[in-house]
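Letter by letter, the chains look like this.
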Amino acid sequence: MAVTHQPGQRASRYPTDITDAQWAELDPLLPDPACLAGRGGRWEKHCRRLIVDAILYVVDNGIKWRALPADFPPWPTVFKRFTAWEKTGTTQRLLDALRDRARLADGRNAAPSAAIIDSQSVRAAPTVAASTRGYDAGKKIQGRKRHIAVDTLGLLIAVLVTPASTSDRVAARSLLRRLRSAAGPRVHLVWADGGYTGTLLDWARRTLALTVEIVKRPDLPHFTVLPRRWVVERTLAWITSHRRCVRDYERLRHHHEAMVRWSMIRITVRRLTQPQ
């Protein structure tokens, strides 16, 4: 269980501050400090709950790291912890554990048996290097594209960020590998839109034992909700409700992936602790 040398907490004052119930879910999932894990080092100076509050503040409000309010730990400390947790896979493990608990609370099996995939192109800020951005001719967007896989509740399983010029069917191979790694062997069916047709279907069946089923848009003159596809489209809307994810401001692609994960960590832990 993660602990801290400084138990004091500041008064809750921002909408993104986690509650006691949410911290009770998150705290045991964070890795132990190095000094308690037998790797030496000093006690952590800043409470981990403050670090998490600061990360969620950046994700939801879309501010620069340097613009963190003064009642949070110094921004270099918060950013260092943000990057360290992403590098060691802590962010993904945190998301996986919360998703499993939310599914169990909903009366489902912890491991999903089906998933839905989709992508979304977002404009890139000047901080994004030209080598990691591209032009999506269909959406007329210069930037990056995030590809996500969610379960049937809309909870995030895997995310992959590529240049916006990358086609869905090409990026899907890496995304489906991440899906298989995060969700385990139980998942066998994946729903997708018409952008994932072609050789991907046979490749997924042979390589990952996944059946990719294309949900086609009906030829109707009016709007209609597409079966299954609306779930992942709703998740993309959840993600873009966090201002740091409206555009891609991250110099490194995996940092934008981390922002997407933290936005869904916030959504999932709120769902898990909301009054029944």
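What counts, and where the lines are drawn
Residues numbered from 1 in each chain as written. Predicted model: local features only at pLDDT ≥ 70, side-chain atom pairs only at ≥ 80, totals over all residues. Heavy atoms only, no water. Helix = DSSP H or I, 4+ residues; strand = E, 2+ residues; numbered from the N terminus. Buried < 20%, exposed > 50% of the residue type's maximum accessible area, 1.4 Å probe, protein only. Contact = heavy atoms within 4.5 Å. Areas by Shrake-Rupley, 256 points an atom, 1.4 Å probe, with all protein chains shown as cover. Salt bridge = Lys/Arg side-chain N within 4 Å of Asp/Glu carboxyl O. Expected span 1.5 Å × (residues − 1). Arc of directions from axis to C-beta. Core = buried A, V, L, I, M, F, W, Y, C linked by side-chain atoms within 4.5 Å. Polar contact = N/O pair within 3.5 Å; in protein donor to acceptor, adjacent residues only side chain to side chain. Phe/Tyr/Trp six-rings, centres within 6.5 Å; stacked < 30°, edge-to-face > 60°. 1 Å grid on protein atoms, 1.4 Å probe; cavity = no way out; pocket = protein on both sides within 12 Å on 5 of 7 lines; lining within 4 Å. Points joined across faces, edges and corners; volume = space filled by probe spheres on them. Nonpolar A, V, L, I, M, F, W, Y, C, P; charged D, E, K, R; others polar.

Caption draft 1: Quick peek at the overall build of the protein. Along the backbone of the protein there are eight helices and six strands. If you list the helices and strands of the protein from N to C, you get α-α-α-α-β-β-β-β-α-β-α-β-α-α. Relative to its 276 residues, the protein shows a buried fraction of 51%. Summarising the internal contacts of the protein: among those between residues at least 6 apart in sequence, 68% fall at separations of at least 24. In the form shown here, the protein has an accessible surface area of approximately 13,400 Å², with 53% of it arising from carbon and sulfur atoms.

Caption draft 2: Fine view of the pattern of salt bridges. Going through the model one piece at a time under the given rule, you end up with 14 salt bridges. The residue R99 makes a salt bridge to D96 at a minimum N-O spacing of 3.0 Å. Placement of both R99 and D96 in helix α4 (residues 90-105) is noted, with a separation of three residues, approximately one turn of the helix. Pair check on accessibility: R99 and D96 agree, each one buried. In this structure, R108 engages D106 in a salt bridge whose closest nitrogen and oxygen atoms are separated by 3.2 Å. Of the residues examined, R108 reaches a relative accessible area of 33% and is grouped as partly exposed. If you follow the salt bridges from partner to partner, you end up with E86, R178, E257 and R261 in one network.

Caption draft 3: Up close: helix α3 (residues 75-87). Given a rise of 1.5 Å per residue, 13 residues ought to cover 18 Å, and the 18 Å separating the end C-alpha atoms of α3 matches this to within 8%. All of the buried residues along α3 are V78, R81, F82, W85 and E86. The buried side chains of α3 occupy one side of the element, clustering within an arc of 130° when seen end-on. Among the exposed residues of α3, those pointing more than 90 degrees away from its buried face are K80 and K87. Among the structural elements, α2 (48-61), α4 and α8 (253-273) are those in contact with the buried residues of α3. Once α3 ends, the next one or two residues include G89, with phi positive near 80°.

Caption draft 4: Layout of the nonpolar core. Membership of the largest hydrophobic core comes to 49 residues, with the highest contact counts inside it found for L26, V52, I55, L68, I148, L156 and W262. Ranked by residue count, the leading element in this core is α8, at nine residues. Each residue touching I148, except ones within four places of it in the same chain, is listed here: I116, I117, D118, L156, A158, V159, L175, V232, T235, L236 and I239. A115, L175, L200 and W203 belong to the second largest nonpolar core, which has 23 residues in total.

Caption draft 5: View of the environment of R133. When you line up the elements, R133 lands in the loop between β1 (114-123) and β2 (134-136). R133 sits in the partly exposed class, given a relative accessible area of 21%. For R133, the side chain forms a polar contact with the main-chain oxygen of V128, separated by 2.9 Å.

Caption draft 6: Quick look at the packing of aromatic side chains. Per the stated rule, a full pass over the model turns up seven aromatic pairs. With centroids separated by 6.3 Å and ring planes inclined at 35°, the aromatic side chains of W85 and W262 adopt a geometry described as tilted. One end of the pair, W85, is in helix α3; the other, W262, is in helix α8, with 177 residues separating them in the sequence. Accessibility expressed as a relative area gives 4% for W85, which makes it buried. Using a relative accessible area of 1% as the deciding quantity, one classes W262 as buried. An aromatic cluster is built from Y14, Y57 and F72, whose rings are joined through pairwise contacts.

Caption draft 7: Region of the structure containing the layout of surface pockets. Computed from the structure, the second largest pocket encloses a volume of approximately 390 Å³. Forming the boundary of the second largest pocket are 13 residues, of which K64, W65, T127, R244 and Y249 lie nearest the centre. The residue inventory of the lining of the second largest pocket, partitioned by class, reads five nonpolar, three polar and five charged.

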